[in-house]
Amino acid sequence: MKINPINRLDAAYQAYQKNNQPKREEVTTKQQAEKVELSSEAKLQIQKEKDAKIEQLKSQIANGTYKVDSEKLADKLLSAWKSGAKIDE
């Protein structure tokens, strides 16, 4: 009689996998717990900050004082190109 310990290990591994897989209810509960919602006050504050930044950029462009950081631009273009994004669209 030949004893093959791999079969026993495989059976134990299969039982371990079956017992340690999360149940569907646990997965959906975890996903729901990670949901974040912003209050209307926070959304309003974010919008105000965006508007202020846009106005600042508009005035810098109008005055001719806006400077483009060429290294930052090149890094962004390179990372977009490496990720496969279509830059010309």
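Asks: Describe the overall build of the protein, naming the residues involved and giving the relevant values.
Replies: Check the secondary structure of the protein and you find 4 helices and 0 strands. If you list the helices and strands of the protein from N to C, you get α-α-α-α. Taken over 89 residues, the protein has a buried fraction of 0%. Summed over its atoms, the accessible surface of the protein is roughly 9100 Å², and 54% of this surface lies on carbon and sulfur atoms.

Asks: So what's going on with a nonpolar patch on the surface? Which residues, and what values?
Replies: Among the surface-exposed residues, Ile61, Tyr66, Val68, Leu73 and Leu77 lie close enough to one another that they form a single nonpolar patch of about 480 Å² accessible area. As for its placement among the helices and strands, Val68 is situated in the loop between helix H3 (40-63) and helix H4 (70-83). Given the relative accessible area of 55%, Val68 is considered exposed.

Asks: Talk me through the confidence of the model for the protein; I want residue IDs and the actual numbers.
Replies: Taken as a whole, the protein shows an average pLDDT of 81; of its residues, 72% reach a score of 70 or greater. The spread of mean pLDDT over the elements of the protein runs between helix H2 (residues 24-33), the lowest at 62, and H3, the highest at 96.

Asks: Can you tell me about H3, naming the residues and giving the values?
Replies: Here H3 spans 35 Å end to end across 24 residues, near enough to the 34 Å set by a 1.5 Å rise per residue. Two residues or fewer past H3, Gly64 is found with a positive phi of approximately 80 degrees.

Asks: An account of the pattern of salt bridges is needed here, citing residue identities and associated values.
Replies: All told, the structure shown has 1 salt bridge when counted by the stated rule. Its salt-bridge partner being Glu37, residue Lys35 comes within 3.9 Å of it at the nearest N-O pair. Look at Lys35 and you get exposed, because its relative accessible area is 61%. A relative accessible area of 65% places Glu37 in the exposed class.

Calculation notes
- Residues numbered from 1 in each chain as written.
- Predicted model: local features only at pLDDT ≥ 70, side-chain atom pairs only at ≥ 80, totals over all residues.
- Heavy atoms only, no water.
- Helix = DSSP H or I, 4+ residues; strand = E, 2+ residues; numbered from the N terminus.
- Buried < 20%, exposed > 50% of the residue type's maximum accessible area, 1.4 Å probe, protein only.
- Areas by Shrake-Rupley, 256 points an atom, 1.4 Å probe, with all protein chains shown as cover.
- Patch = residues over 30% accessible without salt bridge, like charges linked within 9 Å, V, L, I, M, F, W, Y side chains within 5 Å.
- Salt bridge = Lys/Arg side-chain N within 4 Å of Asp/Glu carboxyl O.
- pLDDT = per-residue confidence, 0-100.
- Expected span 1.5 Å × (residues − 1).

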